[in-house]
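Fold and contact review
Here's the letter readout for the chains.
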Amino acid sequence: MTYQARRSNTVEEMLELLDESNKVVHTLKIKIDADAVAKAAREQYVNLIHAEQNLRDVAAKKDSALTEYVESAQKVAGNALVTLYRTVLGDENTDIILEFYVNRFMEMHMEVTPFVTQVLIPKINDTVRVAKNRIANQYKRNKGYSSKFIRRGI
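So, a few notes on the structure that sits alongside this text. Sequence positions are assigned chain by chain, starting from 1 and proceeding in written order. Per-residue local features of the predicted model are confined to residues with pLDDT of at least 70, and side-chain atom pairs are confined, for both listing and counting, to 80 or more; whole-chain, interface and lining totals are unaffected and use all residues. Calculated side-chain values reflect all of the structure's heavy atoms, with hydrogen atoms and water omitted.

Overview of the overall build of the protein
Selection rule: In this text, helices come from DSSP runs of H or I with a minimum length of four residues, and strands from runs of E with a minimum of two, each type numbered from the N-terminal end. Only protein chains enter the accessibility calculation, which uses a 1.4 Å probe. A residue is then buried if its area is under 20% of the maximum for its type, exposed if over 50%, and partly exposed in between. Contacts are assigned to residue pairs that have any heavy atoms within 4.5 Å of one another.
Broken down by element type, the protein carries 4 helices and 2 strands. The buried share among the 154 residues of the protein stands at 27%. Of the contacts made within the protein by residues no fewer than 6 positions apart, 59% connect residues no fewer than 24 positions apart.

Rendered as structure tokens:
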């Protein structure tokens, strides 16, 4: 009998960037090693949520003296967004997206972020969950064998 070892599945998706006339300008192939990016993606997503909340809190105060703080909070939120994209989509794809949206950060956020947060991150989490369950099941299955060998001195 041959023992088989396999690699875990990767998350693969396509993202099309459309111009104003709905013509496809770029088609990005997104290929993610879920194990490699899962923790960092969650951390960056949490950072983005905190940055957006801070921006909302500062903007809600409507004080003209807070203009600097609003601009600063916008920069922090923008940096958190780009960092999340780089973590999940990769540097090359993120650079293409940034070039495509040329200083239209709100539009980019409204169009691309749902793809990252509602499509890719859940798929990454599902892939990691399946791998963890597979490991747990293998451990449970092998636990009985290893304890028998230990008791027998093998």
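A short note on the side chain of Thr94
Which entries qualify depends on this criterion: Counting of polar contacts relies on pairs of N or O atoms within 3.5 Å, with two restrictions inside protein: one atom must be capable of donating a hydrogen and the other of accepting it, and residues adjacent in sequence are counted only when both atoms are side-chain atoms.
Mapped onto the secondary structure, Thr94 falls in helix α3 (residues 91-101). Note on Thr94: relative accessible area 0%, which makes it buried. In this structure the side chain of Thr94 is engaged in a polar contact, spanning 2.7 Å, whose partner is the backbone oxygen of Gly90.

A look at the pairing of strand β2 (residues 24-32)
Where a strand is regular, its side chains alternate between the two sheet faces. Stated formally: In this analysis, strands are considered paired if DSSP registers two or more bridges between them.
Bridge count between strand β1 (residues 11-18) and β2: 8 bridges; the pairing is antiparallel. When the bridges of β2 are listed, Met14 appears paired with Lys29. Remark: 5 residues form the turn of the hairpin made by β1 and β2, two consecutive strands paired antiparallel; Asn22 in that turn has positive phi of roughly 65 degrees.

Description of the packing of aromatic side chains
Operational definition: A pair of Phe, Tyr and Trp rings is counted when the ring centres sit within 6.5 Å of each other, with Trp represented by its six-membered ring. The angle between the planes then sorts it: under 30 degrees is stacked, over 60 is edge-to-face, the rest tilted.
For the coordinates displayed, the defined rule picks out 1 aromatic pair. Centre to centre, the rings of Phe100 and Tyr101 are 4.9 Å apart; their planes meet at 90 degrees, and the pair counts as edge-to-face.

Section: the environment of Tyr69
Mapped onto the elements of the fold, Tyr69 is located in helix α2 (residues 67-89). By relative accessible area, which is 53% here, Tyr69 ends up exposed.

Topic: the side chain of Gln44
Locating Gln44 in the fold gives a position in helix α1 (residues 34-60). Residue Gln44 is classed as buried on the basis of its relative accessible area, which comes to 17%. Excluding residues that lie within four positions of it along the chain, Gln44 makes contacts with Thr83, Leu84 and Thr87.

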